[in-house]
Amino acid sequence: MTINEIQEDIIEEFAGFEDWMDKYAYLIELGTDLSGLDAEHQTDSNLIKGCQSKVWFNASLENGIVKLQADSDAIIVKGIAALLIRVFNNQTPEDIMNADLKFIDEIGLKQHLSPTRSNGLVSMVKQIKMYGIAFDHVSKQTK
Amino acid sequence: MTLDINKIRNDFPILKELIHGKPLVYFDNAATTQKPRQVIDKLIEYYYKYNSNIHRGVHYLSNKSTDGNENARIIVQNFINAKHSHEIIFTSGATESVNLVANSFGDRYIAEGDEVIVSELEHHSNIVPWQLICERKKAVLKVLPFNDQGELMIDQLDDLITDRTKIIAVNHISNSLGTVNPIRKIIEIAHAKNVRVLVDAAQSVQHKTIDVQELDVDFLVFSGHKIYGPTGIGVLYGKEELLNEMPPWKGGGEMIQEVTFKKTTYNELPYKFEAGTPNYIDAIGLGAAIEYVQNIGIEKIDAYEHELLEYATEKLLSIEGLKIYGTAELKTSVISFLVKGIHFYDMGMLLDQMGIAVRTGTHCTEPVMQHFGIDGTVRASFSFYNTKEEIDVLYNGILKVCKMFAVK
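These numbers were taken from a predicted model, which means no experiment stands behind them.

Regarding the sheet that holds strand β4 (residues 88-91) of chain B
All names here are of chain B. Strands sit in the order β4-β10-β9-β8-β7-β5-β6 across an open sheet of 7 strands; the sheet is mixed. The outermost strands of the open sheet, each flanked by one partner alone, are β4 and β6 (140-144). Strand-to-strand twist across the sheet, computed as the mean angle between neighbouring axes with direction ignored, equals 20°. Note: strand β9 (residues 219-223) against strand β10 (residues 234-238), 5 bridges, orientation antiparallel. Looking at β10, one finds that F219 is bridged to G238. Together, β4, β7 (165-171), β8 (196-200), β9 and β10 form the strand contacts of helix α4 (residues 94-109), whose direction differs from that of β9 by roughly 155°. Docked against the sheet, helix α5 (residues 128-137) engages β5 (115-119), β6, β7 and β8, running at close to 145° with respect to β6.

What follows is the structure, encoded as C-alpha cells:
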C-alpha cells in the first residue's frame, strides 16, 4: 500500500469513532500494543526530546526499504507513533521524503502537531523525513 | 470575609468560553491568570483615546499617557509599600527584572571568586541569569537545597554563606510545588552577614500581602500577567541606594541625560533602567489589575484560595495511585501530582478534551523534578475565580482518565 492509501485508511477508521473518548481510547490501545524499542535502541541519539514527553525513534534501511521502530514514555504519543509507523514503515526513502502528511490533522488530533516545545511530534515527523532523505542519499550512492 | 464568586466570575469574560464544547475549567493560573474586564477596558480606553509616546511630548495625549504610566508606578509603590515611586522600575516581566539585577548588580558587585546563592526550588528564570553572570565573572553559584516535602533547608543557609557571598536569589512561592518560603528569615540571615537578597515574587504578589520595607528586601521582582494584568509588563523593586549605585543595563531612550561621543550621562531613577519606549499602556493595565485585586482584598483572596487548596488536596488524595509533589506545611493554591502508571502528558491531553486546562511538564523547574527523580508533573493551580464545583470536575476528569488507562 502507498503512504497515501494507508493515510486514507486511518482517516476512514477514525471517522467511525463517535467522540474524542473513543479516539483516545484507540490511541491508548495502539500505544499499549506497540512493542516499542529494545533498551539498546533507547539511546540519546535516537531520542527526540520535547518538554513533555520522550520519543525514541530507530530506523534502518533493508533492501531499499525503510524499517521503523518507535517508543515513548507517554502512551498517547506512543499511539500516534504507532500510526506513524503504520504509515511510513516498509516504504522507500523516496516515498517517505516526498510524502504529504495529512492524516493527523484530519483525524482530529491537530493539537499534537502544534509546533511548540510541548511535544516531540513535529520533531518526530521531521526526523522520519530526515531518515528518508539520508537513506535516499545512501541508496543513490550505492546504486 | 466571603467573596461573591459569581460576581467575580462575571468580571472574567473568558470563563464563559466553551473548550471542546465543554465549559472551561481554568486551572493554569500559576502560568498566567485571566484578565478582568476592568483591565481589558483600561487597555482599550487608552488605545482608543489617549495613546501617545510618553515623557517627552508637550501635547495633551503624551501628558495623559505619561500621567497614566506614572500613576501606575505609584499604584505599584503603594501595593508593595516601597519608600519611593522611583524604586519601581517597569520591565517586561519578572525574568527581565532578574536579568537586570544579575547584570547590573553583578557588574558592580560580583568579582572573580565571589559567590551567588540560589535555591533548589527556583524557576529557571531565577537560575540561568545568575549562572550567566557567574560564568562571565568567574564567580561560583551555590544551591540551597529543599527537603522531600518541598521546604527549603534553611538551617543550611548559615553554612552556605561565606564572606564571598554577594547575593541570595530566592522565590517567595515555588511555582511548581506551591511552597511558601520563609523569605523573612532568609533576609534576616543574609543581612546579618551583609549579603543582599533578591526575592522572586512572581508567584506571591497575587496571593500574599507584601511590604518591602517591613521585609527589608533589597530587590523584589514580579510579572504583570500573573496578577491579572497584561503580558509584557513586570516590576523590579530595588532599594534606592542600591539602584543608584548600579550601572545602567540597556542603553537608549529616557535612560539618557546627555550624550556626546566622548561621554554619556544617565538619567535619574527610575528612568536610568527604562531604556527605549516603555510599555506604558501595559503598565497602566497593570495598575488597573492591582487596583482590582486590592478592591477584592489580598487577604480574602488568600483565604478563599486556601480553602480551594484544602478541598482539592483532600479530594485528589482520595484517588488511588495519586501522589502530590510538594507537601510543605505552608503552601499556596498549587497541586502538582502524578497518578501511578499515567504519564503527565497523557493526563493533560485527556483533561484538555474535557475542557480542563492544567499545566504539565517540568514547569521550568528542572532541578525540582530532578530532586524527585521524575520528568514532570500535572499541575493544577487555583485562583479566586475558581470554585469547588470546578475542582469536582477535575476530580471526575482524573477518575475518567484512570478508567481509560484501567488503573486499578
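With respect to the layout of surface pockets
In this approach a probe as big as a water molecule rolls over the atoms, and the regions it shows empty are the leftover space. Residues and elements named next belong to chain B. As a volume, the second largest pocket reaches approximately 490 Å³. Along its surface, the second largest pocket is lined by 25 residues, and H172, V180, N181, K208 and L330 are the ones closest to its centre. Looking at the lining of the second largest pocket, the element that brings in the most residues is helix α11 (residues 298-317), giving 3 residues. Split by residue class, the lining of the second largest pocket holds 8 nonpolar, 8 polar and 9 charged. Domain assignment of the residues forming the lining of the second largest pocket places at least three in each of domain 1 (5-30 + 297-406) and domain 2 (40-294).

Quick notes on the sheet that holds strand β16 (residues 359-361) of chain B
All names here are of chain B. One open sheet holds the 4 strands; their spatial order is β13-β14-β17-β16, and the pairing between them is antiparallel. Single-partner strands in this sheet number two, and they are β13 (322-325) and β16. Between one strand axis and the next, the sheet turns by 30° as a mean value, whatever way the strands run. Examined bridge by bridge, strand β14 (residues 334-339) and strand β17 (residues 377-381) share 4 bridges and lie antiparallel to one another. Across the sheet, residue F337 finds its bridge partner in β17, namely V378. Set on the sheet, α11 makes contact with β13 and β14; between it and β14 the angle comes to about 10°.

With respect to the environment of B:A289
Residue and element names in this part refer to chain B. Its place among the elements puts A289 in helix α10 (residues 280-296). Classification of A289 as buried rests on a relative accessible area of 0%. Dropping the residues within four chain positions of it, A289 is found in contact with V39, I227, Y228 and G229.

Structural notes on the nonpolar core
Counting 144 residues, the largest nonpolar core has B:I80, B:L220, B:F384 and B:I398 as its most contacted members. Element by element, the count of residues in this core is highest for helix α3 (residues 75-88) of chain A, at 11 residues. Taken domain by domain, the makeup of this core includes at least three residues from each of domain 1 (5-30 + 297-406) and domain 2 (40-294) of chain B. Setting aside residues no more than four positions away along its own chain, B:F384 makes contact with B:L3, B:I5, B:I8, B:F12, B:Y228, B:Y292, B:I296, B:I301, B:Y304 and B:E305. Membership of the second largest hydrophobic core comes to 26 residues, among which are B:F105, B:C134, B:A139 and B:L269.

Let's talk about the UniProt feature "domain: Aminotransferase class V" (unreviewed entry) in chain B
Per the UniProt record, the feature "domain: Aminotransferase class V" (unreviewed entry) sits at residues 25-394 of chain B. Segment residues 25-394 of chain B splits into 39% helix and 18% strand. End C-alpha atoms: 8 Å apart.

Looking at the packing of helix α2 (residues 20-33) of chain A against α3(A)
Residue and element names in this part refer to chain A. The geometry of α2 relative to α3 is characterised by a closest axis approach of 7 Å and an angle of 75° between their N-to-C directions. Classified by the angle between their axes, α2 and α3 sit roughly perpendicular to one another. Between α2 and α3, the residues in contact are Y24, Y26, L27, I28, L30, G31 and T32 and I75, I76, K78, G79, I80, A82, L83 and R86, respectively.

As for empty space enclosed by the protein
Residues and elements named next belong to chain B. On inspection of all chains with the given rule, the structure shows 2 cavities of 30 Å³ or more. Computed from the structure, the largest cavity encloses a volume of approximately 70 Å³. If you go around the largest cavity, you meet 15 residues; those closest to its centre are N29, A30, H207, S333 and F382. Considered class by class, the residues forming the lining of the largest cavity number 4 nonpolar, 9 polar and 2 charged. Lining the lining of the largest cavity are residues from two domains, each supplying at least three of them: domain 1 (5-30 + 297-406) and domain 2 (40-294).

So, the packing of aromatic side chains
Residues and elements named next belong to chain B. Using the criterion set out here, one finds 18 aromatic pairs over all chains in the structure. Here the aromatic rings of Y228 and Y385 are separated by 6.0 Å at their centres, their planes lie at 80°, and the arrangement is edge-to-face. Highlighted residues: Y228 in the loop between β9 and β10 and Y385 in the loop between β17 and α14 (388-404), separated in sequence by 157 residues. In terms of burial, Y228 and Y385 fall into one category: buried. Among the aromatic residues, ring-to-ring pairing joins F12, Y228, Y292, F384 and Y385 into one connected group.

A closer look at the interface of chain A and chain B
With 19 residues of chain A at the interface, the matching set in chain B holds 18 residues. For the pair chain A and chain B, the summed buried surface comes to about 1600 Å²; carbon and sulfur atoms form 63% of the total. When residues of chain A are sorted by the area they lose upon contact with chain B, A:W20, A:I28 and A:Q52 head the list and together hold 37% of the total. Counting the contacts that link chain A with chain B gives 1 salt bridge. Of the charged contacts, one joins B:D375 and A:K54 as a salt bridge, the two residues approaching to 3.4 Å between their closest N and O atoms.

A word on the pairing of β17(B)
Burial analysis of β17(B) places 5 of its 5 residues in the buried class, which makes it a mostly covered element. Side-chain alternation along β17(B) places B:T377, B:R379 and B:S381 on one buried face and B:V378 and B:A380 on a second face that is also buried.

Here is what the cut-offs are and how they apply
- Residues numbered from 1 in each chain as written.
- Chains lettered and ligands numbered in written order.
- Predicted model: local features only at pLDDT ≥ 70, side-chain atom pairs only at ≥ 80, totals over all residues.
- Heavy atoms only, no water.
- Pairing = 2+ DSSP bridges.
- Helix = DSSP H or I, 4+ residues; strand = E, 2+ residues; numbered from the N terminus.
- Axes fitted to C-alpha atoms, helices over the stretch in contact; angles between N-to-C directions.
- Contact = heavy atoms within 4.5 Å.
- 1 Å grid on protein atoms, 1.4 Å probe; cavity = no way out; pocket = protein on both sides within 12 Å on 5 of 7 lines; lining within 4 Å.
- Points joined across faces, edges and corners; volume = space filled by probe spheres on them.
- Nonpolar A, V, L, I, M, F, W, Y, C, P; charged D, E, K, R; others polar.
- Domains from an automatic or database assignment.
- Buried < 20%, exposed > 50% of the residue type's maximum accessible area, 1.4 Å probe, protein only.
- Core = buried A, V, L, I, M, F, W, Y, C linked by side-chain atoms within 4.5 Å.
- UniProt positions renumbered as here; feature names shortened; annotations may be inferred.
- Parallel < 35°, antiparallel > 145°, perpendicular 65-115°, else oblique.
- Phe/Tyr/Trp six-rings, centres within 6.5 Å; stacked < 30°, edge-to-face > 60°.
- Buried area = accessible area lost by both parts, 1.4 Å probe.
- Salt bridge = Lys/Arg side-chain N within 4 Å of Asp/Glu carboxyl O.

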